[in-house]
Amino acid sequence: MTAPRELGRSGLKVLPIAFGGNVFGWGADEKTSFALLDAFVDAGYSLVDTADVYSAWVPGNQGGESETILGRWFQRSGKRDKVVLATKVAKWAEHPGLSSDNITAAVEDSLRRLQTDVIDLYQAHEDDESTPLETTLAAFGRLIEQGKVRAIGASNYSAERLQAALKVSADYKLPRYETLQPEYNLYDRAGYESGLEAVAREHGLGVISYYSLASGFLSGKYRSADDAAKSSSRGSSVVARYVNPRGLRILQALDDVASTYNATATQIAIAWLIARPGITAPIVSATRVEQLRDVLAAAQVGLTADDIAQLESASAA
């Protein structure tokens, strides 16, 4: 098993794969979600990432479904102490933005749904430029002082705003964002590598990347326009975005490297993220236990420098 990694300077340590709770109450019903969580934690992993807004986008859902299912699992399983619990605020229409009042109200609702007294990592789900950074960070600071939150993180911030937030924390002696949650994978590299990566590494932030498989493209599931039908919900958009000469070049490199390890393209794509300096734990999702176990095996793949060079050459813009 790979050694634990610290989430920034928070003192929270996790193995290098996080489970994405966006599927709870949507791609996975409650019974399946419980089985997935059991399999993840029983395999030794701990970081589970959710958000108050999950999964408001699904017809018939309101938001809060993921946190609610996770809270029920905590009560049913008794495994709360085995989980590093991460959730987010700012994107849900019920609790939009990062004002002090909104953060104060949102955390209480999240704690209630999660049936817990403390959130290990509370993240700003997106930037809110209408609220001063010091106001937001002070509100998070009060939650830490009250013992409701252990550490804070940022998601979907620009490099400039993340740097500014870190400076505000230092200048005003406020808690700092210990983690960054950006979109990042072997295909979508520029957004993170062009600025955020340098800020995160300079300040020792933990990085929890999402869309680790580029909406399933890096699994090799989509290789032609005909493959769009493999997913009624996102197949067409994945094909339109990723099935192009560069995307197919990346899939070929994944196949080539995977063949040397008797591994899958999925495992190699995740292994590349795990090996990337500065990445703490890529987020993965699964809707079946067998699928999850396949993904977790990526942590056992030790890519060589030549493997990494081959993948990064293929994925160069």
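Residues numbered from 1 in each chain as written. Predicted model: local features only at pLDDT ≥ 70, side-chain atom pairs only at ≥ 80, totals over all residues. Heavy atoms only, no water.

Moving on to unusual backbone geometry. Cis geometry marks the peptide bond from Tyr-54 to Ser-55, where omega comes out at 0°. Inspection of the secondary structure puts Ser-55 in the loop between strand 4 (47–49) and helix 2 (65–77). At Ala-214, a residue that is not glycine, the phi angle is positive and equals roughly 50°. Structurally, Ala-214 can be placed in the loop between strand 11 (206–207) and helix 7 (235–242). (Helix = DSSP H or I, 4+ residues; strand = E, 2+ residues; numbered from the N terminus.)

Our focus in this paragraph is the environment of Leu-12. As for its placement among the helices and strands, Leu-12 is situated in the loop between strand 1 (5–6) and strand 2 (13–14). Separated by 110 residues in sequence, Leu-12 and Tyr-122 have C-alpha atoms that sit 13 Å apart. Those residues within four positions of Leu-12 in sequence are excluded, and the remaining contacts are Arg-5, Glu-6, Leu-7, Val-84, Asp-120, Arg-150 and Ala-151. (Contact = heavy atoms within 4.5 Å.)

Let's shift gears to the sheet that holds strand 11. One open sheet accounts for eight strands, arranged 11-10-9-8-5-4-3-12; its pairing is parallel. Edge positions in the sheet fall to strand 11 and strand 12 (283–284), since each has one partner strand and no second. Relative to strand 12, strand 3 (residues 18–20) runs parallel, the two being bridged by two bridges. Bridging across to strand 12, Phe-19 finds its partner in Val-284. Its contacts with the sheet place helix 4 (residues 133–145) against strand 5 (84–89), strand 8 (119–124), strand 9 (149–155) and strand 10 (177–181), and it is angled at close to 155° to strand 9. (Pairing = 2+ DSSP bridges. Axes fitted to C-alpha atoms, helices over the stretch in contact; angles between N-to-C directions.)

In this section: the pattern of salt bridges. Enumeration over the complete set of coordinates arrives at 20 salt bridges. The salt bridge involving Arg-80 is made with Asp-120; its shortest N-O contact spans 3.1 Å. Of the two residues, Arg-80 is situated in the loop between helix 2 and strand 5 and Asp-120 in strand 8; the sequence distance between them amounts to 40 residues. A relative accessible area of 4% means that Asp-120 is categorised as buried. Glu-178 is paired through a salt bridge with Arg-176; the nearest N and O atoms lie 2.9 Å apart. Both residues of the pair, Glu-178 and Arg-176, count as buried. (Salt bridge = Lys/Arg side-chain N within 4 Å of Asp/Glu carboxyl O. Buried < 20%, exposed > 50% of the residue type's maximum accessible area, 1.4 Å probe, protein only.)

For any two helices packed against each other, the geometry is given by the interaxial angle and the distance between the axes. Two numbers describe how helix 8 (residues 245–261) lies on helix 9 (residues 265–275): the axes approach to 8 Å, and their chain directions differ by 100°. Comparing the axis directions of helix 8 and helix 9 gives the class roughly perpendicular. Between helix 8 and helix 9, the residues in contact are Leu-254, Asp-255, Val-257, Ala-258 and Tyr-261 and Ala-265, Ile-268 and Ala-269, respectively. Within the contact of helix 8 with helix 9, the residues separate by chemical class into seven nonpolar, no polar and one charged. (Parallel < 35°, antiparallel > 145°, perpendicular 65-115°, else oblique. Nonpolar A, V, L, I, M, F, W, Y, C, P; charged D, E, K, R; others polar.)

Working note: α-helix, 3.6 residues per turn, so residues spaced by three or four point in the same direction. A large share of helix 9 lies buried, amounting to ten of its eleven residues. For helix 9, the full list of buried residues reads Ala-265, Thr-266, Gln-267, Ile-268, Ala-269, Ile-270, Ala-271, Trp-272, Leu-273 and Ile-274. Those residues of helix 9 that are buried lie in contact with strand 1, helix 6 (190–202), helix 8, strand 12, helix 10 (289–296) and helix 11 (305–314).

On to the packing of aromatic side chains, then. What describes a pair of aromatic rings is the distance from one ring centre to the other and the angle between the planes of the rings. Enumeration according to the criterion identifies 15 aromatic pairs in this entry. Here Tyr-184 and Trp-272 contribute two aromatic rings whose centre-to-centre distance is 5.5 Å and whose plane-to-plane angle is 45°, an arrangement assigned as tilted. With Tyr-184 in the loop between strand 10 and helix 6 and Trp-272 in helix 9, the pair connects residues that are 88 residues apart, well separated along the chain. Overall, Tyr-184 belongs to the buried group, its relative accessible area being 0%. Here the aromatic cluster, defined as three or more aromatic residues joined through ring pairs, consists of Phe-19, Phe-24, Phe-40 and Tyr-45. (Phe/Tyr/Trp six-rings, centres within 6.5 Å; stacked < 30°, edge-to-face > 60°.)

In short, the description is geometric, and any link to function would need to be established separately.
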